[in-house]
Amino acid sequence: QVQLVESGGGLVQAGGSLRLSCSASGRISSLYGMGWFRQAPGKEREFAAAISGNGRNTNYADSVKGRFTISRDNVKRTLYLQMNSLKPEDTAIYYCAAYYGVIRTPSNEHEYDSWGQGTQVTVSS
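These figures come from a predicted structure and were not determined experimentally.

Peer 1: Got a minute to help me understand the state of the cysteines in this structure?
Peer 2: Every disulfide links exactly two cysteines, by a covalent bond between their sulfur atoms. One pass over the structure, following the stated rule, counts one disulfide. Linked covalently through their sulfurs, Cys22 and Cys96 form a disulfide whose S-S length is 2.1 Å. Between Cys22 and Cys96, the S-S torsion sits near -75°, and that sign places the bridge as left-handed. Separated by 74 residues along the polypeptide, Cys22 in strand β3 (residues 18–26) and Cys96 in strand β9 (residues 92–100) bring together distant segments of the chain.

In structure tokens form, the structure reads like this:
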């Protein structure tokens, strides 16, 4: 079992930055890839970014590419999402998730086994 806890969400003005963190415990290791998804009010949950278990491969949704950076520290067992140039449309609950995979970086949420509870990000215009 893998347990995930997100933090770092909050309220920020458009153009600002936030860094989300996801602390992992349990059977998490470099064999597990990790990702960030988000769900805006009234919308379905969507993929934002993923990083492979070995940290060498990343994948981003077109909507965040060039503005968000996903990274991980396997020693600290922590996943990060640096979000720059934030827009009001980035407002959502952000979820951390994990899947078993060293190289892959899936965008399909059904490939993820473990999920955190989410952290709210609100971007004001």
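Still more to cover.
Peer 1: Could you clarify how one ought to interpret the sheet that holds strand β7 (residues 68–73) in this entry?
Peer 2: Strand pairs in the sheet, formed through backbone hydrogen bonds, run parallel or antiparallel to each other. In spatial order, the strands read β1-β3-β8-β7; together these four strands make up an open sheet with antiparallel pairing. The outermost strands of the open sheet, each flanked by one partner alone, are β1 (2–7) and β7. The sheet shows a mean angle of 15° between the axes of neighbouring strands, taken without regard to direction.

Peer 1: What is the right way to look at the pairing of β9 in this model?
Peer 2: Counting buried positions along β9 yields seven of nine residues, so the element is predominantly enclosed. Relative to β9, strand β4 (residues 32–39) runs antiparallel, the two being bridged by eight bridges. Residue Gln39 lies in a different strand from β9, and its bridge partner there is Ile93. Inspection of the sheet shows β9 paired to strand β11 (residues 119–124) by three bridges, in the antiparallel sense. Looking across to β11, one finds that Ile93 is bridged to Gln120. Taken together, the two bridges between β9 and strand β10 (residues 114–115) define a ladder with antiparallel strand orientation. Looking at β10, one finds that Ala97 is bridged to Trp115.

Peer 1: Is there a simple way to think about a nonpolar patch on the surface in this case?
Peer 2: Taken together, the side chains of Leu31, Tyr100, Val102 and Ile103 make up a nonpolar region of the molecular surface, amounting to roughly 370 Å² of accessible area. Relative to the assigned elements, Tyr100 resides in strand β9.

Peer 1: So what exactly am I meant to see when it comes to the pattern of salt bridges here?
Peer 2: Note that side chains of opposite charge can pair when their charged atoms are close. Summed over the entire model, instances satisfying the criterion amount to six salt bridges. Taking the shortest distance from any N to any O, the salt bridge between Arg38 and Glu46 comes out at 2.7 Å. Of the charged contacts, one joins Asp90 and Arg67 as a salt bridge, the two residues approaching to 2.7 Å between their closest N and O atoms. Of the two residues, Asp90 sits in the loop between β8 (78–83) and β9 while Arg67 sits in the loop between β6 (58–60) and β7, which places them 23 residues apart along the sequence. Across the pair, exposure class does not vary: Asp90 and Arg67 are buried alike. If you follow the salt bridges from partner to partner, you end up with Arg38, Glu46, Arg67 and Asp90 in one network.

Calculation notes
- Residues numbered from 1 in each chain as written.
- Predicted model: local features only at pLDDT ≥ 70, side-chain atom pairs only at ≥ 80, totals over all residues.
- Heavy atoms only, no water.
- Disulfide = S-S within 2.5 Å.
- Helix = DSSP H or I, 4+ residues; strand = E, 2+ residues; numbered from the N terminus.
- Pairing = 2+ DSSP bridges.
- Axes fitted to C-alpha atoms, helices over the stretch in contact; angles between N-to-C directions.
- Buried < 20%, exposed > 50% of the residue type's maximum accessible area, 1.4 Å probe, protein only.
- Patch = residues over 30% accessible without salt bridge, like charges linked within 9 Å, V, L, I, M, F, W, Y side chains within 5 Å.
- Areas by Shrake-Rupley, 256 points an atom, 1.4 Å probe, with all protein chains shown as cover.
- Salt bridge = Lys/Arg side-chain N within 4 Å of Asp/Glu carboxyl O.

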